[in-house]
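Structural description and commentary
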Amino acid sequence: MPKMTLSHFEAAILFSLFTSVVMGVVTKNTDRDRLHYGIYTFACFVVALVGLGWLMYLGHG
Amino acid sequence: MATQKERKPLAPPASEWAPALALSWLVPGGGHLLLKKTGRGLLLMAAITSMFLCGLMMRGAMFEPQSGDLLTTLINVGGFIGNLASGVLYLLSRWLGYSQPDVAGAVHDYGTKFLVTAGLLNILAMVDTYEIAIRRKD
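Reading the values: rules and limits
Residues numbered from 1 in each chain as written. Chains lettered and ligands numbered in written order. Predicted model: local features only at pLDDT ≥ 70, side-chain atom pairs only at ≥ 80, totals over all residues. Contact = placed C-beta atoms within 7 Å. Helix = DSSP H or I, 4+ residues; strand = E, 2+ residues; numbered from the N terminus. Nonpolar A, V, L, I, M, F, W, Y, C, P; charged D, E, K, R; others polar. Core = buried A, V, L, I, M, F, W, Y, C linked by C-beta atoms within 7 Å. Buried ≥ 20, exposed ≤ 12 C-beta atoms within 10 Å, placed from the backbone. Expected span 1.5 Å × (residues − 1). pLDDT = per-residue confidence, 0-100.

Turning our eyes to something else, we now look at the interface of chain B and chain A. The partner chain A presents 17 residues to the 23 residues of chain B that form the contact. Counting residues per element, the ones that place at least two in the side of chain B that touches chain A are α3 (38-57) and α6 (106-133) of chain B. Per-element accounting of the side of chain B that touches chain A gives the leading share, 10 residues, to α3(B). Partitioning the side of chain B that touches chain A into residue classes produces 16 nonpolar, two polar and five charged.

Following this line, the structure appears as structure tokens:
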């Protein structure tokens, strides 16, 4: 099996993508709501990722 | 004053939901496919399988149930349940001899998390399958 080497950012984006797809599919009742919720979840992940990244950068000094 | 006992709705028979639930565990997205929810089933299958495969390619570690202090037990048993919830993906990778020691490194660590999360997402898919099978959800 090939080895995959990703940066923190790439791995976290990939994690967010897969998780958002599943959250979107299982949570809502219509396809439109599922799509919206999936995109919303993914956006939340990315915002939290960038926000926490900056917080750690600034906190580290 | 007459009191009326509230009657709980009868639980649906296991024959209605058990096969779909079992298939959903064994093959991520399989329960949805069995219940003719093809699009959703394929999406779940693609997302969960891809996540598991990424975890393998990042050389993530699999958990073994171990006892010790409370935290060690929780982490290892919880991680093992998470791994096991991936169904055939976990069984197949074990059967084919995948055994990665838990080593230090960000990529390995992400891999371990990907492997466990794939199983946890499959548990969500199983719950969804159950709700569809008992007609609580479309």
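Counting 30 residues, the largest nonpolar core has V22(A), A47(B), I48(B), M51(B) and F114(B) as its most contacted members. Elements that contribute at least two residues to this core include exactly α1 (8-27) of chain A together with α3, α5 (88-95) and α6 of chain B. Not counting residues within four places of it along the chain, the set of residues in contact with A47(B) comprises F18(A), V21(A) and V22(A). Ranked by size, the runner-up nonpolar core spans six residues in total, among them W17(B), A20(B), L23(B) and I132(B).

In this model α1(A) runs 28 Å from its N-terminal to its C-terminal C-alpha over 20 residues, within 8% of the 28 Å that 1.5 Å per residue would give. For α1(A), the complete set of buried residues consists of A11(A), F15(A), F18(A), T19(A), S20(A), V21(A), V22(A), M23(A), G24(A), V25(A) and V26(A). Next to the buried residues of α1(A) lie α2 (31-60) of chain A together with α3 and α6 of chain B.

Take the confidence of the model for chain B next. Regions with low pLDDT should not have their predicted coordinates read in detail. Residue and element names in this part refer to chain B. Taken over all residues, the pLDDT of chain B has a mean of 91, while the share at 70 or more is 93%. Averaged pLDDT values for the elements of chain B fall to 93 in helix α1 (residues 14-26) and rise to 97 in α3. Predicted complex metrics record ipTM = 0.92 and pTM = 0.90.

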